[in-house]
Structure formats: C-alpha cells, structure tokens
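Here is how the chains run, residue by residue.
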Amino acid sequence: MAKVPAAAVAAGGLLGGYGIARWTRKRPLGGVALAAAGSVAAYEWNRQAGARAATGLTVAYVAAFAGSHPLAKKVGAWPAVFTVAGGVAAASWAVTRRSAR
C-alpha cells in the first residue's frame, strides 16, 4: 500500500474540511473531516518524529485552523485556507524530514 506523507494528510484535512463545510453547508461535517485528517496526521507525526514533535505539530494544525478565520477576512476564504495548509505542510515536512535522518 502506498504511503501518504503526514504533511499531505494535514494539508488535505484543512483544505478538505473547509471544502466539505462550504459545499455541503454543514459545518460539522467539515469539522469531522478536519478532525479525522488531523488524527491520522498526529498518529503519523508521533510514529515518525515522537510525541513532542507530534504535540507541536498538532498544536500548529489547530492554530492554523483557528488562524484561517481572521486571515480570511483580509484575503478571502480559499487563499487563507491554502496559506495555512501550506504552512502546516511545510512545518510537518521539516519536522518529520529532520527526524528521519
């Protein structure tokens, strides 16, 4: 089975969660997608980089979700979500890449 990087799962969770919430007009459904992807990403972060890194990246994931709301008021919803998803993906890649060495 192909292995999907935790960075892609986390970014996909932020993008997918927003997309589902927007297109279904059911915010809780988007929250389920966001939480599911966050759980999978946290599991992978813990497996690849340890508990401390997983905790930090999980906090960054939640902060990115929260931070996308005020950012959306300035730049628009999709640009805000893409920005925070990219930031979380970059942080995830940097932390898991460093620990893989």
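As the structure is a computational prediction, the values presented were derived from the model and not from experiment.

> Help me get a handle on the nonpolar core, residues and values and all.
By size, the foremost hydrophobic cluster in this structure holds 19 residues, and its most contacted members are Ala10, Leu14, Ala41, Trp45, Tyr61, Ala64 and Val88. The element that contributes the greatest number of residues to this core is helix H1 (residues 6-24), accounting for six residues. For Tyr61, the residues in contact, after removing those within four places along its chain, are Ala10, Gly13, Leu14, Leu34, Ala37, Gly38, Trp45 and Val88.

> Let's hear about the UniProt feature "transmembrane region" (unreviewed entry) in the protein: which residues, and what values?
The feature "transmembrane region" (unreviewed entry), as given by UniProt, occupies residues 53-71 and 77-96 in the numbering adopted here. Helix makes up 100% of residues 53-71 and strand makes up 0%, while its end C-alpha atoms are separated by 26 Å. Within residues 77-96, the helical portion is 100% and the strand portion 0%, while the C-alpha atoms at the span's ends are 28 Å from each other.

> Can you explain the packing of aromatic side chains? Please cite residues and give values.
Across all of its chains, the model carries three aromatic pairs by this definition. Considering the side-chain rings of Trp78 and Phe82, the 5.8 Å spacing of their centres and the 40 degrees angle between planes classify their relative orientation as tilted. Of the two residues, Trp78 and Phe82 are both situated in helix H4 (residues 77-100); the distance of four residues between them amounts to about one turn of the helix. A relative accessible area of 23% means that Trp78 is categorised as partly exposed. Members of the aromatic cluster, each reached through a chain of ring pairs, are Tyr18, Trp23, Trp78 and Phe82.

> Describe in detail the side chain of Ser92, supporting the description with residues and values.
Looking at where Ser92 falls in the secondary structure, it is placed in helix H4. Dropping the residues within four chain positions of it, Ser92 is found in contact with Ala6, Ala7, Trp45 and Leu57.

> Go over the packing of helix H2 (residues 27-49) against helix H3 (residues 51-75), please, and point to the residues and values.
Where H2 contacts H3, the two axes come as close as 8 Å, and the packing angle between them is 155 degrees. In terms of axis orientation, H2 runs roughly antiparallel to H3. As H2 runs across H3, the sense of the crossing is right-handed. Here Arg27, Leu34, Ala37, Gly38, Ala42, Trp45, Asn46 and Ala49 of H2 lie close against H3, whose contacting residues are Ala51, Ala53, Ala54, Leu57, Thr58, Tyr61, Phe65 and His69. Among the residues making up the contact of H2 with H3, the classes are represented as 11 nonpolar, four polar and one charged.

Cut-off values and rules
Residues numbered from 1 in each chain as written. Predicted model: local features only at pLDDT ≥ 70, side-chain atom pairs only at ≥ 80, totals over all residues. Heavy atoms only, no water. Core = buried A, V, L, I, M, F, W, Y, C linked by side-chain atoms within 4.5 Å. Buried < 20%, exposed > 50% of the residue type's maximum accessible area, 1.4 Å probe, protein only. Helix = DSSP H or I, 4+ residues; strand = E, 2+ residues; numbered from the N terminus. Contact = heavy atoms within 4.5 Å. UniProt positions renumbered as here; feature names shortened; annotations may be inferred. Phe/Tyr/Trp six-rings, centres within 6.5 Å; stacked < 30°, edge-to-face > 60°. Axes fitted to C-alpha atoms, helices over the stretch in contact; angles between N-to-C directions. Parallel < 35°, antiparallel > 145°, perpendicular 65-115°, else oblique. Left-handed = near helix turned anticlockwise from the far one by under 90°. Nonpolar A, V, L, I, M, F, W, Y, C, P; charged D, E, K, R; others polar.

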